[in-house]
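If you want the building blocks of each chain, they are given just below.
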Amino acid sequence: MTSGRQHLPAAGPPARPPYRAALAVAAVVLAGYAFSLAPSVTFWDAGEFIAAMKTLGIPHPPGTPLFVLMGHVWGSVFPFFEYAVRTNLLSALFASAGAGCWFLVLQEAADRSLGEAEPGARAVLRTAAGAAGTLIAAFGFSNWLNSNETEVYAVATFTIGAVSWLLFRWRAARGTPRASRYLLLVAYLLGIAISNHLLGLLVGPAAIGFVVAVISLVPAKDEQTRRHEWGDAGVLAGLWALLLGLGLASKVLVGFGAAAFLLALIFAATHGGLRFALLMLGIALVGVTPFLFLYLRSAQHPIINEAAPATWEALTAVMRREQYGVRTPFDDPTQLHGPDNTGRTLTVIGLQMANYVQYFDWQWAKALPGIPIGDGRFPFRTLVTLGFFALGLRGLGDQWRSDRSGAWLLLVLFLTTGLGLVAYMNFKPGYSLGYDRFPDRDDHEVRERDYFFVVSFIVWGLWAGLGLLTLARKLRERLTARSAGTAGPPDRLSARVLPYAVFAAALIPFGLNFPEADRRHGPDARLPGDFAYDLLNSVPPYGVLFTYGDNDTFPLWWAQEVAGVRKDVTVVCLALAETPWNMRQLRDNPVRRFEEALAPPFWRGRNPAAPTWPLHTMTDEEIRAAVPQILPREVTLPVGSFATTLPAESVLYGKDFLSLRVIQQNFGRRPIVWAITALGNNYGLDRFMVQRGLAVSLEPAPVDTTAPTLDLRRMMGVPLDVPATELLLTAVYRYADLLERPRRELESTSSGISSTVGIPFTQLATAMEQRGDTARTILYLERASHLSDNPAVEQALHLLRAARPSTNR
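Residues numbered from 1 in each chain as written. Predicted model: local features only at pLDDT ≥ 70, side-chain atom pairs only at ≥ 80, totals over all residues. Heavy atoms only, no water.

**Student:** For the overall build of the chain, give the residues involved together with the corresponding values.
**Tutor:** Looking only at helices and strands, one finds 30 helices and 13 strands in the chain. Relative to the globule expectation of 28 Å for 809 residues, the C-alpha radius of gyration of the chain, 30 Å, shows essentially globular dimensions. Residues classed as buried in the chain amount to 56% of the 809 residues present. When the accessible surface of the chain is split by element, carbon and sulfur atoms take 61% of a total near 34,200 Å². Here the chain contributes 72 positively and 66 negatively charged side chains, and the mean placements of these two sets differ by 9 Å. (Helix = DSSP H or I, 4+ residues; strand = E, 2+ residues; numbered from the N terminus. Rg over C-alpha atoms; globule rule 2.2 N^0.38 Å. Buried < 20%, exposed > 50% of the residue type's maximum accessible area, 1.4 Å probe, protein only. Areas by Shrake-Rupley, 256 points an atom, 1.4 Å probe, with all protein chains shown as cover. Lys, Arg positive; Asp, Glu negative; His and termini not counted. Charge placed at Lys NZ, Arg CZ, Asp CG, Glu CD.)

**Student:** Any details on the pattern of salt bridges? Residues and values, ideally.
**Tutor:** Counted under the stated rule, the structure contains 28 salt bridges. Linking Arg171 and Glu108 is a salt bridge whose minimum nitrogen-to-oxygen distance equals 3.0 Å. Taken together, the residues Arg171 in helix α7 (residues 153-172) and Glu108 in helix α4 (residues 83-114) connect sequence positions 63 residues apart. Judged by its relative accessible area of 2%, Glu108 falls in the buried class. The closest approach of N and O atoms between Asp398 and Arg401, which form a salt bridge, is 3.9 Å. One end of the pair, Asp398, and the other, Arg401, are both in helix α16 (residues 380-402), three residues apart, so they sit about a helical turn from each other. Judged by relative accessible area, which is 61%, Arg401 ranks as exposed. Beyond isolated ion pairs, a larger network of salt bridges with shared partners links Glu108, Arg112, Arg171 and Asp403. (Salt bridge = Lys/Arg side-chain N within 4 Å of Asp/Glu carboxyl O.)

**Student:** Mind laying out the packing of helix α15 (residues 346-362) against α16, listing which residues take part and the relevant values?
**Tutor:** The interhelical angle for the contact between α15 and α16, taken along N-to-C directions, is 90 degrees, at an axis separation of 9 Å. Here α15 is positioned roughly perpendicular relative to α16, judged by the angle of their axes. Across the interface between the two elements, Phe360, Asp361 and Trp362 from α15 touch Arg381, Thr382, Thr385 and Phe389 from α16. Of the residues belonging to the contact of α15 with α16, the class tally is three nonpolar, two polar and two charged. (Axes fitted to C-alpha atoms, helices over the stretch in contact; angles between N-to-C directions. Parallel < 35°, antiparallel > 145°, perpendicular 65-115°, else oblique. Contact = heavy atoms within 4.5 Å. Nonpolar A, V, L, I, M, F, W, Y, C, P; charged D, E, K, R; others polar.)

**Student:** Would you mind going over unusual backbone geometry in detail, with residue names and values included?
**Tutor:** It is generally the case that most residues other than glycine have a negative phi and that most peptide bonds are trans. A cis amide bond, omega 15 degrees, links Pro61 with the succeeding residue Pro62. Within the element layout of this structure, Pro62 appears in the loop between α2 (46-55) and α3 (65-77). Phi at Trp44 takes a positive value of approximately 65 degrees, unusual for a residue other than glycine. With respect to the helices and strands, the residue Trp44 is situated in the loop between α1 (19-35) and α2. Residues other than glycine seldom take positive phi values, yet Glu649 does so here, at roughly 75 degrees. Since its relative accessible area comes to 56%, Glu649 is described here as exposed.

**Student:** Break down the packing of helix α8 (residues 177-193) against helix α12 (residues 274-288) for me, citing the residues and quoting the values.
**Tutor:** It is at 6 Å that the axes of α8 and α12 come closest, and there the two elements cross at 35 degrees. The chirality of how α8 crosses α12 is right-handed. Between α8, through Ser180, Leu183, Leu184, Ala187, Tyr188, Gly191 and Ile192, and α12, the contact on the second element is made entirely by Phe276, Leu279, Met280, Ile283, Ala284, Val286, Gly287 and Val288. Grouping the constituent residues of the contact of α8 with α12 by class yields twelve nonpolar, three polar and no charged. (Left-handed = near helix turned anticlockwise from the far one by under 90°.)

**Student:** Which residues make up α1, and what values go with them?
**Tutor:** For α1, spanning 17 residues, the distance from its first C-alpha to its last is 24 Å, which sits close to the expected 24 Å at 1.5 Å a residue. The set of residues buried in α1 consists of Ala22, Val25, Ala26, Val29, Gly32 and Tyr33. The arc that holds the buried residues of α1, viewed along the axis, is 115 degrees, so those residues lie on one side. Relative to its buried face, α1 has exposed residues pointing more than 90 degrees away, namely Arg20 and Leu23. (Expected span 1.5 Å × (residues − 1). Arc of directions from axis to C-beta.)

**Student:** Any details on the nonpolar core? Residues and values, ideally.
**Tutor:** Of all hydrophobic cores here, the largest spans 240 residues; its most connected members are Leu167, Trp170, Phe453, Trp463, Phe503 and Leu698. With sequence-adjacent residues up to four places away left out, Leu698 is seen in contact with Ile663, Phe667, Ile672, Trp674, Leu685, Phe688 and Met689. (Core = buried A, V, L, I, M, F, W, Y, C linked by side-chain atoms within 4.5 Å.)

**Student:** So what about the packing of aromatic side chains? Which residues, and what values?
**Tutor:** One pass over the structure, following the stated rule, counts 45 aromatic pairs. A centroid spacing of 6.3 Å and a plane angle of 65 degrees characterise the contact between Trp170 and Phe210, whose relative ring orientation is edge-to-face. Taken as a pair, Trp170 in helix α7 and Phe210 in helix α9 (residues 204-217) lie far apart in primary sequence, 40 residues in all. Above the plane of the ring of Phe168 lies Arg171, whose end atom (NZ or CZ) is 4.6 Å from the centre. Its end group placed over the ring of Trp362, Lys366 keeps NZ or CZ at 4.7 Å from the ring centre. (Phe/Tyr/Trp six-rings, centres within 6.5 Å; stacked < 30°, edge-to-face > 60°. Lys NZ or Arg CZ within 6 Å of the ring centre and 35° of its normal.)

**Student:** Could you give an account of the side chain of Asp111, with specific residues and numbers?
**Tutor:** With respect to the helices, strands and loops of the structure, Asp111 is situated in helix α4. There is a polar contact of 3.0 Å between the side chain of Asp111 and the side chain of Arg122. (Polar contact = N/O pair within 3.5 Å; in protein donor to acceptor, adjacent residues only side chain to side chain.)

**Student:** Describe helix α13 (residues 291-298), naming the residues involved and giving the relevant values.
**Tutor:** Buried within α13 we find Phe291, Phe293, Leu294, Arg297 and Ser298. Here the buried residues of α13 occupy an arc of 150 degrees about the axis, which is enough to place them on one side.

**Student:** Describe in detail a nonpolar patch on the surface, supporting the description with residues and values.
**Tutor:** Together, Leu346, Ile349, Met353, Leu415 and Leu419 give the surface a local cluster of nonpolar side chains, amounting to about 450 Å² of exposed area. When residues in the nonpolar patch are grouped by element, the largest group, three residues, is from α15. Tracing the backbone shows Met353 in helix α15. The class for Met353 is partly exposed, based on a relative accessible area of 34%. (Patch = residues over 30% accessible without salt bridge, like charges linked within 9 Å, V, L, I, M, F, W, Y side chains within 5 Å.)

**Student:** Explain the environment of Gly71 to me, using residue names and the numbers behind them.
**Tutor:** Turning to its location among the elements, Gly71 is positioned in helix α3. Leave out the neighbours within four places in its chain, and Gly71 touches Met53, Tyr83, Thr87 and Leu90.

**Student:** Break down the side chain of Asn582 for me, with residues and values.
**Tutor:** With respect to the element layout, Asn582 can be found in helix α24 (residues 580-588). Sequence-distant contacts of Asn582, that is, excluding residues within four places in its chain, are made with Cys573, Leu576 and Ala577.

**Student:** I'd like a rundown of the pairing of strand β3 (residues 544-547), residues and numbers included.
**Tutor:** Side-chain alternation along β3 places Val544 and Phe546 on one buried face and Leu545 and Thr547 on a second face that is also buried. Bridge count for β3 against strand β4 (residues 570-573) is four bridges, and the pairing is parallel. Among the inter-strand pairings, Val544 is bridged to a residue of β4, identified as Thr570. At this point the chain moves from β3, through helix α23 (residues 554-561), to the parallel β4, and the crossover so formed is right-handed. (Pairing = 2+ DSSP bridges. Right-handed = clockwise from strand over helix to strand, strands pointing away.)

**Student:** Please set out the confidence of the model for the chain residue by residue, giving values where relevant.
**Tutor:** Averaged over every residue, the pLDDT of the chain is 91; the share at 70 or more is 94%. Considering only residues more than four positions removed or in separate chains, one finds that residues 1-14, a stretch of pLDDT under 50, has 28 contacts. (pLDDT = per-residue confidence, 0-100.)

**Student:** Tell me about the pairing of strand β9 (residues 672-675), and name the residues and values.
**Tutor:** Burial of β9 is two-sided: the residues Ile672 and Trp674 facing one way and the residues Val673 and Ala675 facing the other way are all buried. Note: β3 against β9, three bridges, orientation parallel. Looking at β9, one finds that Leu545 is bridged to Val673. As defined by bridge partners, β9 adjoins strand β11 (residues 695-698) across four bridges and the pair is classed as antiparallel. Within β11, the residue paired with Ala675 across the bridge is Ala695.

**Student:** Break down the environment of Thr579 for me, citing the residues and quoting the values.
**Tutor:** Considering the arrangement of structural elements, one finds Thr579 in the loop between β4 and α24. Taking relative accessible area as the criterion, Thr579 reaches 13% and is therefore assigned buried. Taking the C-alpha atoms as reference, Thr579 lies 8.0 Å from Gln323; in sequence the two are 256 residues apart.

Below, the structure written as structure tokens:
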């Protein structure tokens, strides 16, 4: 063995890992997550996941069966708190367990970095560096946000952290029977990662790089062991390629992966590792079996059954994510995939890179405000970012010198989950960037995508911890040198104590991210659940409610399936209504009973009759034929005893065919309502529509526009039923704590929903102003000002308040 290939320091890692210290660090991280834990459902996918966990349903592709099953078991055996809090806590538990794994990885890297440091200082510095890097990584903005709500990413990051630690244990146990057991556990975690989220599988290249680096840099002493280890490395690489193909359900990738594994199997067989290679394969494939849950459960028709994977063809479509269309890394993401796609441009790549830099800048001090200087703002947050960037570089450099194989592990992981994902995911320009080049909002992502790159931010946080270690060592050396000889006790005490103060910098992300990452203490903490309650209770008993996307649909699923709110309402998400499986389910799902005792008084005493007919009667053949098309001529459709005309050249999509059939078959028989978030094509039925609160109802006859109860200014395109809206807003709706606290800037999703909830208050204010009721005009504008981010609302309120004294005189 040549000296050029030996990179182990003279002092190796401790014989027994500090599991108690890891547990303590994980407990501290868990306490931080619990303190900021969402008190109920959150926006985006969480409502869907929680409802699926409660009902053993199937969420959107790829179905995340492991996540659903774990959440269902946890929510059943842990009986405390609201169900959503239980599942939120599950994310926090996995994320904090992952933090414990990262601590163990980092303290070993720190131990190798310390080399021949004095024993007393060595133990303290090693633990301090491990804790510091772990806290920086744990309370980075994106990782924190993923860890205090019900989402798949905490489980994925735990998987990656556990695999990384197991690989470190394999390195320490090389040449013993225990080493192979660690690799078997790695194989199992790689297999099971697929059924939670493919992010967990992205540790594969780093794992392969680490194993190859270890056996290359520090070869085993005997030839037989070296042959076995190279065989294990080949099997690990082939297995990962196979699992990647299975996770994406790609025939091409499965074929490539199978060929790669077969070659690895042959290689292992020639190196005496055939049985072990087959065992690794078997254990990994056991990890994939949760996908059978999707196949078996879908056939039982749960109320949440996205993409209906009850056949092998549908199951593989779910795993391939066919529902979201095709986009390759070579496409222009703002265009449809196909021969007319002009290809990924340098402009798009530049914006994607700018987005990654923007997200990196968020990680360390997201809540730090800038200070206006002239026409601009001084970027104090970016100064903090540059500080942590420098710390990370120092840590990477130090690990590269002292622990080359460990550095390969983290470096490959960083590149795979950072720039590698930027290249592979090929996102549209970000939600908040690039409007000068792409002014159309449809050319941008519907939300920020920082959570996809969270593992790369975690790795940088770990390196920042090692960077703090290098600073602490340098400070200790200088102070020790100064205190030598003539220095008194205070100088010697400073030399021993002050270097550890450097690690206090690890608290910066916690302090400067908390206001933005905290989901518990803001006035909007319960907004998603309250918004769902308000929308569902805008609908008469047994009504049909059209919604549009994730945030006006998934919280409603949570409200119905978990909180038991208005299960009688049939929610039709127009985005999902483009899919044949959803059209079939809307036809076949039963109507559930209106529970009057659980409904607000507003809806009681109406003695509604439950529908005995399906929502629509489109046959499977008609559903398959409901593809986008342009009407060649004007078409007149019967709607009850009335008719509506669709003009020639109208563009109809699947959701339009479904909506029209639902309207035709339920008009005058069952309430039909649109959430104001879902208004669009009214199919010429405007004369039948009236707004009540957050919903627009289709009346069984043309609306009498002379009625004194209606305000005809049509802010939402239809008349406003003033008395009904006033009752809904004052006696039915819930507003989280937004009306009880002064208006504050909210994150973009909450701000948009809050402003939507404020629209009816603004409409009531204008109606009261027209009627000369200044007191109620001001009252409703005050409430709208708490909810809306529209400066015109605050301006109108200010003018009215200023004018009121003179009016009273």
